[in-house]
Amino acid sequence: GNSVTQMEGPVTLSEEAFLTINCTYTATGYPSLFWYVQYPGEGLQLLLKATKADDKGSNKGFEATYRKETTSFHLEKGSVQVSDSAVYFCALSRSGSNYKLTFGKGTLLTVNP
Amino acid sequence: NAGVTQTPKFQVLKTGQSMTLQCAQDMNHNSMYWYRQDPGMGLRLIYYSASEGTTDKGEVPNGYNVSRLNKREFSLRLESAAPSQTSVYFCASSENRGQGGYTFGSGTRLTVV
């Protein structure tokens, strides 16, 4: 079946540090890949997405590239801010599963000033 | 504001009590979903409705029922609450069967004592 594995947290960084959160997936065919962000006490918000191999999703300074050869979709940001502190979820969907989202377990990011 | 609205935001139940979590979206989305979020488990799909008039089980449907009342509303019912159902519940909706990502509500925090 489909599965998503992301690096376990928590991740603690200083402001302006470089961020990478690793995400790998298992799925047949060509899934769509997503990163969601959850701020404290809120629901999940779509951060970025990529629907085919080699696509790069980007938003708010975050980027992730769909790498089919390594089945990965790592999230990166060049310079994090305190306001980026949140839980980040990698997810996939594919047509064979009726496009239901399968989530990773989430990575808690804390950015200190 | 357009989006997904969940009620209530907080609820405490005694074991054996029943309740219904309400969800409504005003984006004219076809598909709606119920997830539960537990520490260290990520989000797990309880039930979903790919379109009005259809519902299907997700990963963890036991102890729950759903009703797709119309295109806007998708409710989740706990017939006899158990402590294992203590969780945060999220409703979500999507167009194009989720290829563009989901829009989530802000969640219902349920405690069963």
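Up top you'll find the structure we're talking about.
Residues numbered from 1 in each chain as written. Chains lettered and ligands numbered in written order. Predicted model: local features only at pLDDT ≥ 70, side-chain atom pairs only at ≥ 80, totals over all residues. Heavy atoms only, no water.

A. The overall build of chain A, seen in detail. Secondary structure summary: chain A contains 0 helices and 12 strands in total. Seen in sequence order, chain A has helices and strands lined up from the N terminus as β-β-β-β-β-β-β-β-β-β-β-β. For chain A, the C-alpha atoms occupy an extent of roughly 45 × 30 × 20 Å along the three principal directions. For chain A, the share of sequence-separated contacts (at least 6 apart) that also reach a separation of at least 24 residues comes to 56%. Entry remark: accessible area of chain A is about 5300 Å², with carbon and sulfur atoms responsible for 48%. Between the mean site of the 10 positive side-chain charges and the mean site of the 10 negative ones, chain A shows a separation of 11 Å. (Helix = DSSP H or I, 4+ residues; strand = E, 2+ residues; numbered from the N terminus. Contact = heavy atoms within 4.5 Å. Areas by Shrake-Rupley, 256 points an atom, 1.4 Å probe, with all protein chains shown as cover. Lys, Arg positive; Asp, Glu negative; His and termini not counted. Charge placed at Lys NZ, Arg CZ, Asp CG, Glu CD.)

B. Examining the interface of chain B and chain A more closely. Opposite the 20 residues of chain B that make contact, chain A presents 19 residues. Between chain B and chain A, the buried area comes to about 1600 Å², and carbon and sulfur atoms account for 55% of it. Top element by residues in the side of chain B that touches chain A is strand 5 (residues 42-49) of chain B. It accounts for 4 residues. (Buried area = accessible area lost by both parts, 1.4 Å probe.)

C. Highlighting the sheet that holds strand 7 (residues 56-59) of chain A. Residues and elements named next belong to chain A. As summarised here, the arrangement of the 4 strands in space is 3-9-8-7, forming an open sheet in which the pairing is antiparallel. Pairing within the sheet leaves two strands with one partner each, and these edge strands are strand 3 (19-21) and strand 7. Along the sheet, successive strands turn relative to each other by an average axial angle of 15°, direction set aside. (Pairing = 2+ DSSP bridges. Axes fitted to C-alpha atoms, helices over the stretch in contact; angles between N-to-C directions.)

D. View of the side chain of Ser49(B). All names here are of chain B. As for its placement among the helices and strands, Ser 49 is situated in strand 5. A polar atom in the side chain of Ser 49 sits 3.0 Å from the backbone oxygen of Ser 51. A distance of 2.6 Å separates the side chain of Ser 49 from the backbone oxygen of Thr 54, its partner in a polar contact. (Polar contact = N/O pair within 3.5 Å; in protein donor to acceptor, adjacent residues only side chain to side chain.)

E. Quick look at the pattern of salt bridges. Counted according to the given criterion, the structure contains 6 salt bridges over all chains. A salt bridge links Lys77(A) to Asp84(A), with the nearest nitrogen and oxygen atoms 2.7 Å apart. Side by side, Lys77(A) and Asp84(A) carry an identical accessibility label, which is buried. Of the charged contacts, one joins Arg36(B) and Asp38(B) as a salt bridge, the two residues approaching to 2.9 Å between their closest N and O atoms. You'll find Arg36(B) and Asp38(B) in the same group, each marked buried. One salt-bridge network, in which partners are shared between bridges, spans Arg36(B), Asp38(B) and Arg44(B). (Salt bridge = Lys/Arg side-chain N within 4 Å of Asp/Glu carboxyl O. Buried < 20%, exposed > 50% of the residue type's maximum accessible area, 1.4 Å probe, protein only.)

F. Looking closely at unusual backbone geometry. Following Gly9(A), the chain continues to Pro10(A) via a peptide bond in cis, the omega torsion being -5°. Across the junction of Thr7(B) and Pro8(B), the peptide omega takes the value -5°, indicating a cis bond. Non-glycine residue Asp54(A) carries a positive phi angle of around 75°. Its identity is not glycine, yet Lys60(A) carries a phi of approximately 55°, on the positive side. With respect to the secondary-structure elements, Lys60(A) resides in the loop between strand 7 and strand 8 (62-65).

G. Representation of the state of the cysteines in the model. Residues and elements named next belong to chain B. Applying the stated criterion across every chain yields a total of 2 disulfides over all chains. Covalently, Cys 23 is tied to Cys 91 through a disulfide, its sulfur atoms 1.9 Å apart. On the sign convention where negative means left-handed, the S-S torsion of about -75° between Cys 23 and Cys 91 marks this disulfide as left-handed. Taken together, the positions of Cys 23 in strand 3 (residues 19-25) and Cys 91 in strand 9 (residues 87-94) put the pair 68 residues apart, joining distant regions of the chain. Accessibility classification places Cys 23 together with Cys 91 in one group, the buried group. (Disulfide = S-S within 2.5 Å.)

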